[in-house]
Amino acid sequence: MLTQTHLHQQLLKVHTQGKTLHNITPQIETVVKESGIQTGLCVVFIRHTSASLIIQENADPAVLRDLNTFFNKLVPEDGRSYSHADEGPDDMPSHIRSTLTRTSEQIPITQGRLVLGTWQGIFLWEHRQRSYERQIVIHISGH
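Criteria and thresholds
Residues numbered from 1 in each chain as written. Predicted model: local features only at pLDDT ≥ 70, side-chain atom pairs only at ≥ 80, totals over all residues. Heavy atoms only, no water. Helix = DSSP H or I, 4+ residues; strand = E, 2+ residues; numbered from the N terminus. Buried < 20%, exposed > 50% of the residue type's maximum accessible area, 1.4 Å probe, protein only. Phe/Tyr/Trp six-rings, centres within 6.5 Å; stacked < 30°, edge-to-face > 60°. Lys NZ or Arg CZ within 6 Å of the ring centre and 35° of its normal. Pairing = 2+ DSSP bridges. Axes fitted to C-alpha atoms, helices over the stretch in contact; angles between N-to-C directions. Salt bridge = Lys/Arg side-chain N within 4 Å of Asp/Glu carboxyl O.

J.: Please explain unusual backbone geometry as it appears in this structure.
T.: As a rule of thumb, non-glycine residues mostly have phi less than zero, and peptide bonds are mostly trans rather than cis. One non-glycine residue, Gln111, lies in positive phi territory at about 55 degrees. Its location among the elements puts Gln111 in the loop between strand 5 (104-110) and strand 6 (113-114). For Gln111, a relative accessible area of 66% corresponds to the exposed category.

Structure, rendered in structure tokens:
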């Protein structure tokens, strides 16, 4: 039996508070619910080169702090290591951090819900010091 595939797409705007991880799981879950799709795939894509998306531990905030600490050591914002610094010392480091992480995630949908693990959440990782309005495209396909 063939079933017709349905598509749903929505733009989510997230106001970040500077360089930190923002749990966007609840907003994405709302879009999935509103789509009416019961079985399918949710693709989450961020439209920026200085922020990224990750699926990570959502229970212990120490995990997120440790990730930030690790990335600060791995990609320093010293202002001397990079030639691209048009928007300040966090400019090129934010691009590197985005390259090392992801700009999209794919999550299966079953019974109208994201199939995330017990301790998993979807995070927007702002790599810049300042606050920004970030745009995330959520594309859902299924039936």
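J.: Help me understand the packing of aromatic side chains, please; the structure alone is not making it clear to me.
T.: Working definition: an aromatic ring pair is given by the centre-to-centre distance plus the angle between the planes. This model, assessed by the stated rule, comprises two aromatic pairs. Aromatic side chains Phe70 and Phe71 sit 5.9 Å apart centroid to centroid with 70 degrees between the ring planes, which places their arrangement in the edge-to-face category. Residue class for Phe70 comes out partly exposed when judged on its relative accessible area of 48%. Residues Phe71 and Trp125 carry aromatic rings whose centres are separated by 4.7 Å and whose planes lie at 55 degrees to one another, so their mutual orientation is tilted. Taken together, the residues Phe71 in helix 2 (residues 61-74) and Trp125 in strand 7 (residues 120-126) connect sequence positions 54 residues apart. Residue Trp125 is classed as buried on the basis of its relative accessible area, which comes to 2%. Ring pairs connect the aromatic residues Phe70, Phe71 and Trp125, which therefore count as one cluster. The aromatic ring of Tyr132 is capped on one face by Arg134, whose charged end is 4.5 Å from the ring centroid.

J.: Please explain the sheet that holds strand 2 (residues 21-23) as it appears in this structure.
T.: Strand pairing within a sheet occurs via backbone hydrogen bonds; the two strands may be parallel or antiparallel. Read from one edge of the open sheet, three strands run 2-7-4, paired in antiparallel fashion. Across the chains shown, the open sheet's two edge strands, defined by having one partner strand only, are strand 2 and strand 4 (51-57). Shown here is a sheet whose adjacent strand axes are inclined to one another by a mean of 35 degrees, direction ignored. When strand 2 meets strand 7, the two strands line up antiparallel, connected through three bridges. Directly across from Asn23, in strand 7, lies its bridge partner Phe123.

J.: For this particular structure, what's the right way to read the pattern of salt bridges?
T.: Two side chains with opposite charge may pair up if their charged atoms get near one another. All told, the structure shown has seven salt bridges when counted by the stated rule. A salt bridge links Arg97 to Glu77; its shortest N-O distance comes to 2.8 Å. Of this pair, Arg97 sits in helix 3 (residues 91-100) while Glu77 sits in the loop between helix 2 and helix 3; the two residues are 20 residues apart in sequence, bridging distant segments of the chain. Of the charged contacts in the structure, one is a salt bridge between Arg128 and Asp90, with a shortest N-O distance of 2.9 Å. Here Arg128, found in the loop between strand 7 and strand 8 (133-142), pairs with Asp90, found in the loop between helix 2 and helix 3; they are 38 residues apart in sequence, far enough to count as distant. A single burial state applies to Arg128 and to Asp90, both of which are buried. Overlapping salt bridges bring together Glu87, Asp90, Asp91 and Arg128 as one network.

Just distances and angles here, no functional claims.
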